[in-house]
Amino acid sequence: MTHLTLQAVTKRFHTAFAVDHVDLAVPDGKLVCFLGPSGCGKTTLLRIIAGLETPSSGAVAFAGRDLTHVPANQRDFGMVFQSLALFPHMTVAQNVAYPLRLRRVERSAQARRVAELLELIQLPHMADRPVSQLSGGQRQRVAIARAIASSPKLLLLDEPLSALDAKLREAMQVEIRLLQQRLGITTIMVTHDQREAMTMADEIVVMEKGRIAQVGKPLDIYRNPVSEFVADFIGLGNILPVTHDGGDRIGLPGGQQIIVDAAPRANGAAGEVRLLIRPEDVSMRAAVASPGPNVLAGKVTFIRDVGASLEATIDCAGFTLTAATTPRETPDLQVGMPIFAELPPHACKLIAARTAH
Ligand code: ADP
Ligand code: MG
């Protein structure tokens, strides 16, 4: 079932399109991330869904009902926006209980719910503190607890974790995801962090300049990006300009030829084409006598070894490749070493080059 639908939703500020004809169906019970660089229209689109912004044209519907002109306070959606809008003079517990009080939930049920939520956000000992005394990260967690207190039908989150330090942020990503799954609450979260989107989302909506560039499951988008923009935004990638005459061979920038499995994507056939190969698909082998097909001779120029993973930059005469592995798999790797990099045909994707704007 589809709960939230957007139809040709457009928002113009003066002459500029912040959101440009967005069609989208958000499935019931799923977590969907709006992902894209700063200024691509994520917040504007979320504010239109929330009812805080009126679209210039297009329609928003929820559970079959047209909401386009329904005010925000009548939509029954939970929200956490970049400006949290907590009540600074109230305590943590009072802030979290606020939506319950508005709905006249019985006092003891309020107290139980608040205790449960404070446990969840790991602030049970802070219940009686005014929020003005909390750190930015703690306030963020209170805002999330408050947004879900009354079990809204749709939860809207605009970069809710951006103020948190890396460790807490990663922990909260898991917490929010587990909570969302347990409650089955349909959630839309805006983020510019592709790792966060991949960690949390059932579906990712990649946005570029007010438009949807691609919608799909995180791994599908990662493995099969439709364009250079998406490939570049989702994960680390080697993206190389290549020549391609329609067959199964492509020419690399250094003049080397390799074989690719996949036919070029239809949308890439006309214009310029790029080769995408993810670092984890590039395998490194000691340079020996005769390399086979799809094996390139190169030299290691940099090693980023962070213990759990290792990335090597390989100079392949004419271009560089990044290969990802683990220190355990390649214990003898050293800068300056000659190396063979293998690009398996099935891992080589041809994508449409980014068009100049
Ligand atoms: P994001 O959240 O992806 O960073 P926004 O939705 O905030 O992007 O902004 C999209 C575009 O719309 C930007 O170019 C921004 O400057 C513009 N914009 C957003 N809100 C307003 C506004 N109230 N008035 C004029 N321009 C706006
Ligand atoms: Mg924003």
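- Per an unreviewed UniProt entry, the protein goes by ABC spermidine/putrescine transporter, ATPase subunit and derives from Caballeronia ptereochthonis.

### Thoughts on the overall build of the protein
Link 1 in the chain: The number of helices and strands found in the protein is 9 helices and 20 strands.
Link 2 in the chain: With the C-alpha coordinates aligned to their principal axes, the bounding extent of the protein is approximately 80 × 45 × 35 Å.
Link 3 in the chain: Within the span of the protein, comprising 357 residues, buried residues form 47% of the whole.
Link 4 in the chain: Of the contacts formed within the protein by residues at least 6 apart in sequence, a portion of 66% connects residues at least 24 apart.
Link 5 in the chain: Accessible area of the protein: about 17,300 Å², with a carbon and sulfur share of 51%.
Link 6 in the chain: Each charge class in the protein can be summarised by its mean position, and for the 37 positive and 35 negative side chains these summaries are 8 Å apart.

### Things to note about the pairing of strand β8 (residues 186-191)
Link 1 in the chain: Burial runs high along β8: 6 of the 6 residues are buried.
Link 2 in the chain: Burial along β8 is two-sided: Thr-186, Ile-188 and Val-190 facing one way and Thr-187, Met-189 and Thr-191 facing the other are all buried.
Link 3 in the chain: Sheet topology note: the strand β3 (residues 31-35)/β8 ladder contains 5 bridges and is parallel. Across the sheet, the residue bridging to Cys-33 is Met-189, located in β8.

### Concerning the environment of Val-131
Link 1 in the chain: Turning to its location among the elements, Val-131 is positioned in the loop between α3 (107-120) and α4 (136-148).
Link 2 in the chain: In contact with Val-131, not counting residues within four places along its chain, are Leu-86, Phe-87, Pro-88, Met-90, Thr-91, Val-92, Asn-95, Arg-139 and Val-142.

### A few points about the layout of surface pockets
Link 1 in the chain: For the largest pocket, the calculated volume is near 680 Å³.
Link 2 in the chain: Considering the residues around the largest pocket, the lining is formed by 23 residues, among which Phe-77, Gly-78, Met-79, Pro-99 and Arg-146 are closest to the centre.
Link 3 in the chain: Broken down by secondary-structure element, the contributors of at least two residues to the lining of the largest pocket are β6 (77-80), α2 (92-102) and α4.
Link 4 in the chain: Element by element, the count of residues in the lining of the largest pocket is highest for β6, at 4 residues.

### Points about the site of ligand 1
Link 1 in the chain: Close to ligand 1 lie Phe-13, Ala-18, Pro-37, Ser-38, Gly-39, Cys-40, Gly-41, Lys-42, Thr-43 and Thr-44, which account for all nearby residues.
Link 2 in the chain: Between ligand 1 and Cys-40, the relevant distance is 3.2 Å, taken from an oxygen atom to a main-chain nitrogen or oxygen of the residue.
Link 3 in the chain: At 3.1 Å from an oxygen atom of ligand 1 is found a main-chain nitrogen or oxygen belonging to Gly-41.
Link 4 in the chain: The element that contributes the greatest number of residues to the shell around ligand 1 is helix α1 (residues 42-50), accounting for 3 residues.
Link 5 in the chain: Here the residues of the shell around ligand 1 sort into 4 nonpolar, 5 polar and 1 charged.

### Describing the sheet that holds strand β11 (residues 238-244)
Link 1 in the chain: Here 5 strands make up an open sheet; going across it, the order is β13-β12-β11-β14-β20 and the pairing antiparallel. Only two strands of the sheet have a single partner each, and these edge strands are β13 (257-259) and β20 (349-352). Pairs of neighbouring strands in the sheet enclose a mean axial angle of 45°, with direction left out of account.
Link 2 in the chain: Examined bridge by bridge, strand β12 (residues 249-251) and β13 share 3 bridges and lie antiparallel to one another. Bridging across to β13, Gly-251 finds its partner in Gln-257.

### Regarding the sheet that holds strand β16 (residues 295-305)
Link 1 in the chain: Read across the sheet, 5 strands follow the order β15-β19-β16-β17-β18 without closing on themselves; strand pairing throughout is antiparallel. Only two strands of the sheet have a single partner each, and these edge strands are β15 (283-286) and β18 (320-325). Along the sheet, successive strands turn relative to each other by an average axial angle of 45°, direction set aside.
Link 2 in the chain: Sheet analysis places β15 next to strand β19 (residues 338-342), joined by 4 bridges and oriented antiparallel. Of the residues in β19, the one forming a bridge with Ala-286 is Ile-339.

What counts, and at which threshold
- Residues numbered from 1 in each chain as written.
- Chains lettered and ligands numbered in written order.
- Predicted model: local features only at pLDDT ≥ 70, side-chain atom pairs only at ≥ 80, totals over all residues.
- Heavy atoms only, no water.
- Helix = DSSP H or I, 4+ residues; strand = E, 2+ residues; numbered from the N terminus.
- Buried < 20%, exposed > 50% of the residue type's maximum accessible area, 1.4 Å probe, protein only.
- Contact = heavy atoms within 4.5 Å.
- Areas by Shrake-Rupley, 256 points an atom, 1.4 Å probe, with all protein chains shown as cover.
- Lys, Arg positive; Asp, Glu negative; His and termini not counted.
- Charge placed at Lys NZ, Arg CZ, Asp CG, Glu CD.
- Pairing = 2+ DSSP bridges.
- 1 Å grid on protein atoms, 1.4 Å probe; cavity = no way out; pocket = protein on both sides within 12 Å on 5 of 7 lines; lining within 4 Å.
- Points joined across faces, edges and corners; volume = space filled by probe spheres on them.
- Near = heavy atom within 4 Å.
- Polar contact = N/O pair within 3.5 Å; in protein donor to acceptor, adjacent residues only side chain to side chain.
- Nonpolar A, V, L, I, M, F, W, Y, C, P; charged D, E, K, R; others polar.
- Axes fitted to C-alpha atoms, helices over the stretch in contact; angles between N-to-C directions.

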